[in-house]
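Survey of secondary and tertiary structure
Listed below, chain by chain, are the residues.
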Amino acid sequence: MKVASLFSGCGGLDLGLEQAGHEVILQVENDPGAQQVLKARFPGVRLVSDVCELDKLPRETELVAAGFPCVDVSRAGLRAGLEGQSSGVVRHLFRLLKRAIDDHHPVPWVLIENVEALLDRAHGQPPAVSR
């Protein structure tokens, strides 16, 4: 499958997907150090530095892999939930998926990597993600 990787970090998830036979066609990462690693490990792959500025996913995307920041949802973190300043960037994943649907090119597979605490209750609210 052709993979668009959001919040790519240093590419660990992307490396595993490539080793499993998938092709990474886009990486989005804002950390300059991680960008250097991505450029070295994945030469020729389009690298975008800001998910906020990404208008749409490549048309040929078959899988979106996203390991968005966990600081607002982890048990050791701020517990602000998906509306928190850091973890809230996940809204761009949903925006891009909606745009793909609106453009009549829905992405058939989505892989979201994050902490187990997404399943916890916080401040009397239901979990961010249901089991």
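The model shown is predicted, which means the values in this text are computed figures rather than measured ones. (Residues numbered from 1 in each chain as written. Predicted model: local features only at pLDDT ≥ 70, side-chain atom pairs only at ≥ 80, totals over all residues. Heavy atoms only, no water.)

Some words on the overall build of the protein chain
Summing up its helical and strand segments, the protein chain has three helices and five strands in all. Along the protein chain, from the amino end to the carboxyl end, the secondary structure elements read β-α-β-α-β-β-α-β. Per-residue burial for the protein chain yields a buried fraction of 37% across its 131 residues. In the protein chain, the share of contacts with a sequence separation of at least 24, taken over all contacts with a separation of at least 6, comes to 54%. (Helix = DSSP H or I, 4+ residues; strand = E, 2+ residues; numbered from the N terminus. Buried < 20%, exposed > 50% of the residue type's maximum accessible area, 1.4 Å probe, protein only. Contact = heavy atoms within 4.5 Å.)

Considering the nonpolar core
Membership of the largest hydrophobic core comes to 18 residues, with the highest contact counts inside it found for Leu 6, Leu 26, Val 28, Leu 54, Leu 57, Val 64 and Leu 93. Where this core is concerned, the elements lending two or more residues are strand 1 (2–6), strand 2 (23–28), strand 4 (63–66) and helix 3 (90–102). No other element matches the five residues that helix 3 contributes to this core. Dropping the residues within four chain positions of it, Leu 26 is found in contact with Val 3, Ala 4, Ser 5, Val 45, Arg 46, Val 48, Leu 54 and Pro 58. Counting residues in each nonpolar core, the second largest holds eight residues, with Leu 38, Val 45, Leu 63 and Ala 65 among its members. (Core = buried A, V, L, I, M, F, W, Y, C linked by side-chain atoms within 4.5 Å.)

Description of the side chain of Asp 14
Mapped onto the secondary structure, Asp 14 falls in helix 1 (residues 12–19). For the buried residue Asp 14, which engages in no salt bridge, the nearest side chain bearing the opposite charge is Arg 41, 8.9 Å off. Residues in contact with Asp 14, not counting those within four places in the same chain, are Ser 5, Ser 8, Val 24, Gln 27 and Phe 42. (Lys, Arg positive; Asp, Glu negative; His and termini not counted. Salt bridge = Lys/Arg side-chain N within 4 Å of Asp/Glu carboxyl O.)

Brief notes about the pattern of salt bridges
Applying the stated criterion across every chain yields a total of four salt bridges. In this structure, the salt-bridge partner of Lys 2 is Glu 23, at a minimum N-O distance of 2.8 Å. Here Lys 2, found in strand 1, pairs with Glu 23, found in strand 2; they are 21 residues apart in sequence, far enough to count as distant. Salt-bridge contacts for Arg 99 lead to Asp 55; the nearest nitrogen and oxygen are separated by 3.1 Å. Remark: Asp 55 occurs in the loop between strand 3 (46–48) and strand 4 and Arg 99 occurs in helix 3; sequence separation between them is 44 residues. We classify Asp 55 as partly exposed; its relative accessible area is 48%.

Thoughts on helix 2 (residues 32–41)
Owing to its 3.6 residues per turn, the α-helix brings residues three or four apart onto one side. Ala 34, Gln 35 and Leu 38 are the residues of helix 2 that are buried. The buried residues of helix 2 all sit within an arc of 105° when viewed along its axis, so they share a single face. Across helix 2 from its buried face, at more than 90 degrees, point the exposed residues Pro 32, Gln 36, Lys 39 and Ala 40. Tucked inside the fold, the buried residues of helix 2 contact strand 2 and strand 3. Of the residues flanking the start of helix 2, the one acting as N-cap is Asp 31, its side-chain oxygen 3.1 Å from the backbone nitrogen of Gly 33. (Arc of directions from axis to C-beta. Polar contact = N/O pair within 3.5 Å; in protein donor to acceptor, adjacent residues only side chain to side chain.)

Nothing here speaks to function; it is all geometry.
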